[in-house]
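# Fold and geometry: a report
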Amino acid sequence: MTGPSSHPADEPTRRRVLRTVRQALHLLAVELGTPTEPGTPLFGGVRSAWLRRLPYLVAFVLAVSLLPTTITVLSHGYGLDGGLSGALGTAQVAPLLLAVSRPLQAWWVIFTADIISALALMHANGIEGRSWPWTPMAIVGYLALMVALSLRERGRTLIAVWLTTGLAGILFEPWTPDESRGTWVLLFVLTGVVLMMGATLRERGDARRKLIEQETISEAERARRTLLEERTRIARELHDVVAHHMSVITVQADSAPYRISGMPREAEEEFGSIAATARESLAEMRRLLGVLRSEEAERHGGPAKTPQPGIGMLPKLVEGTVRAGVPVELTLPEDSGPLEPAVDLSAYRIVQEALANVVRHAPGAETRVSVTTAAEGSLLTVLVVNSPPPAPSAPLEPAGTGHGLIGMRERVRLVDGALDTGPLPDGGFRVAARLPLSPPPDPAAPLSPKDSDSV
């Protein structure tokens, strides 16, 4: 007679065990019933058309070679009925064609067919000395299916397939015919090895693909950051130009009552309002400059105090480039007249960046810099052409330190110009920018150049 205290103590343990078993079976069913990317062919995302067709070719070759062999061995080797052998052989082999796009669904069909085949072979006349429960052809087809599964399904699904395969072999073990050779351990081990190798290759490919995607994203972000930095730099430089014009407006408005006699009081008040608005605009521009100021400028104690450069400073720039080992020939217009500050600054920066690229990527190459006016003085043409370097050598700075062509495009875009860049047939490089010049000042303007100078 069992003691009264033993039964209540066993109930909670039995419930926990049953609950654990139910949860494990539920998880197993979920993993085996939830395929990853159903309908998407293996290697469907690769660029090579040959690689995209390779899984179909392999599956076709396996199906054509295994199907007649399986039917023949089941009927003549194991002694099964011919019709049953044909049905089982087709169910075990034909789903390999489905495995190209739906490997988990193909596994359900093939695994079920293998189970039915094992049950049918238990009482076959020719099982003596032969493999059971899995025939050699079933093992080959099953391992091929494992390759497709490992390249598509997630790790938990692969573990579920592996455990299910081993569980089926364990359940068949008590009914193994005495005359047969057990193969469930062999299939269990080989399945684990193939799944592990395939999953490792897939994870390696995924990691490489993610790395390429991250590099692409990083390159796009780097280009975007370079573009924003160049635009910020242009905005900082144009601050001086705009601030100069605003200062002239302020001085002219403040001095107008003293320079023009007999001015009505309403006009004086209007000029005073203009001067006040100009001063407020200057204050706002100083705040904007503080926002745009780079960290490098902050480290050096604030923005640069030197004036913005123009084409008049190109000889000095060329002289420094020549000292760096690049022979440069410079041609400037004889009398271009005063240029719009934005055009003057853009022309200088384009030449500066082009020469910097020559120093970095083609050290020692002969370079020609030409700045000319065309179209009756309405267009400024900047041309920088360099020949191939005298001797093949690695670039001094392959990654570059400036903003290169991005900066040139932004400079040209600033003044509504055009930029043409590209390699030359002889191995050199060409940079050509066309910058429209401002129309000449109207002679009927109220303020003459003499008055402007006096201010």
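See the structure printed just above.
These remarks concern the structure in this document. (Residues numbered from 1 in each chain as written. Predicted model: local features only at pLDDT ≥ 70, side-chain atom pairs only at ≥ 80, totals over all residues. Heavy atoms only, no water.)

Further remarks concern the overall build of the protein. A tally of regular secondary structure across the protein gives 13 helices and seven strands. Of the contacts formed within the protein by residues at least 6 apart in sequence, a portion of 73% connects residues at least 24 apart. Accessible surface for the protein amounts to roughly 27,000 Å². Of this, 61% is attributable to carbon and sulfur atoms. (Helix = DSSP H or I, 4+ residues; strand = E, 2+ residues; numbered from the N terminus. Contact = heavy atoms within 4.5 Å. Areas by Shrake-Rupley, 256 points an atom, 1.4 Å probe, with all protein chains shown as cover.)

Once that is clear, we can look at the environment of Arg-52. Structurally, the position occupied by Arg-52 is in helix 2 (residues 49-77). Arg-52 sits in the partly exposed class, given a relative accessible area of 32%. Discounting residues that sit within four places of it in the chain, Arg-52 has contacts with Leu-42, Phe-43, Gly-44, Val-46 and Arg-47. At 2.9 Å, the side chain of Arg-52 forms a polar contact with the backbone oxygen of Arg-47. (Buried < 20%, exposed > 50% of the residue type's maximum accessible area, 1.4 Å probe, protein only. Polar contact = N/O pair within 3.5 Å; in protein donor to acceptor, adjacent residues only side chain to side chain.)

The next point concerns the side chain of Arg-202. Mapped onto the fold, Arg-202 is located in helix 7 (residues 184-259). Despite being buried, Arg-202 has no salt bridge partner; Asp-206 is the closest side chain of opposite charge, sitting 4.1 Å away. At 3.2 Å, the side chain of Arg-202 and the backbone oxygen of Ser-150 are in polar contact. (Lys, Arg positive; Asp, Glu negative; His and termini not counted. Salt bridge = Lys/Arg side-chain N within 4 Å of Asp/Glu carboxyl O.)

A complete count under the given rule lists five aromatic pairs for this structure. Pairing Trp-107 with Trp-108 gives two aromatic rings, centres 5.2 Å apart and planes at 70°, and the pair type is edge-to-face. For Trp-107, a relative accessible area of 0% translates into the label buried. Looking at Trp-108, the relative accessible area reads 39%, which means it is partly exposed. Ring geometry for Trp-132 and Phe-172: centres 5.4 Å apart, planes at 75°, overall edge-to-face. Placement of the pair is Trp-132 in strand 1 (residues 131-132) and Phe-172 in helix 6 (residues 155-172), with a sequence separation of 40 residues. Accessibility assignment for this pair places Trp-132 and Phe-172 in one class, buried. Of the aromatic side chains, those joined through ring pairs into one cluster are Trp-107, Trp-108 and Phe-111. Its end group placed over the ring of Tyr-78, Arg-130 keeps NZ or CZ at 5.6 Å from the ring centre. (Phe/Tyr/Trp six-rings, centres within 6.5 Å; stacked < 30°, edge-to-face > 60°. Lys NZ or Arg CZ within 6 Å of the ring centre and 35° of its normal.)

Looking at where Tyr-348 falls in the secondary structure, it is placed in helix 11 (residues 341-361). For the pair Tyr-348 and Gly-312, spaced 36 residues apart in sequence, the C-alpha to C-alpha distance is 8.6 Å. Here Tyr-348 is in contact with Pro-309, Gly-310, Ile-311, Met-313, Leu-314 and Leu-317, once residues within four sequence places are set aside.

In the structure shown here, the tally under the stated rule is seven salt bridges. Note that Arg-209 and Asp-206 form a salt bridge whose closest N and O atoms lie 2.3 Å from each other. Of this pair, Arg-209 and Asp-206 both sit in helix 7, three residues apart, which is roughly one turn of the helix. The closest approach of N and O atoms between Arg-279 and Asp-254, which form a salt bridge, is 2.7 Å. Here Asp-254 lies in helix 7 and Arg-279 lies in helix 8 (residues 265-292), a separation of 25 residues in the sequence. According to the relative accessible area criterion, Asp-254 is partly exposed, its value standing at 35%.

Moving on, we come to the packing of helix 4 (residues 103-121) against helix 6. Where helix 4 meets helix 6, the closest approach of the two axes is 12 Å, and the angle between their N-to-C directions is 5°. Relative to helix 6, helix 4 is oriented roughly parallel. Contact residues: Leu-104, Trp-107, Phe-111, Ile-115, Ala-118 and Leu-119 in helix 4; Thr-157, Val-161, Thr-164, Thr-165, Ala-168 and Phe-172 in helix 6. Grouping the constituent residues of the contact of helix 4 with helix 6 by class yields nine nonpolar, three polar and no charged. (Axes fitted to C-alpha atoms, helices over the stretch in contact; angles between N-to-C directions. Parallel < 35°, antiparallel > 145°, perpendicular 65-115°, else oblique. Nonpolar A, V, L, I, M, F, W, Y, C, P; charged D, E, K, R; others polar.)

On to the pairing of strand 6 (residues 418-423), then. In the sheet, strand 6 pairs with strand 7 (residues 429-436) via six bridges, with the strands oriented antiparallel. When the sheet's bridge partners are listed, Gly-422 is paired in strand 7 with Arg-430. Counted between consecutive antiparallel strands, the loop separating strand 6 from strand 7 contains five residues, among which Gly-427 sits at a positive phi close to 105°. (Pairing = 2+ DSSP bridges.)

Here the focus is the packing of helix 5 (residues 136-152) against helix 6. Close contact between helix 5 and helix 6 brings their axes to 11 Å; oriented N to C, the two are set at 160°. Taken together, helix 5 and helix 6 sit at an angle that is classed as roughly antiparallel. Handedness of the crossing formed by helix 5 with helix 6: right-handed. For the pair formed by helix 5 and helix 6, the contact residues are Tyr-142, Met-146, Leu-149 and Ser-150 on the first element and Leu-158, Val-161 and Thr-165 on the second. Taken together, the residues of the contact of helix 5 with helix 6 break down into five nonpolar, two polar and no charged. (Left-handed = near helix turned anticlockwise from the far one by under 90°.)

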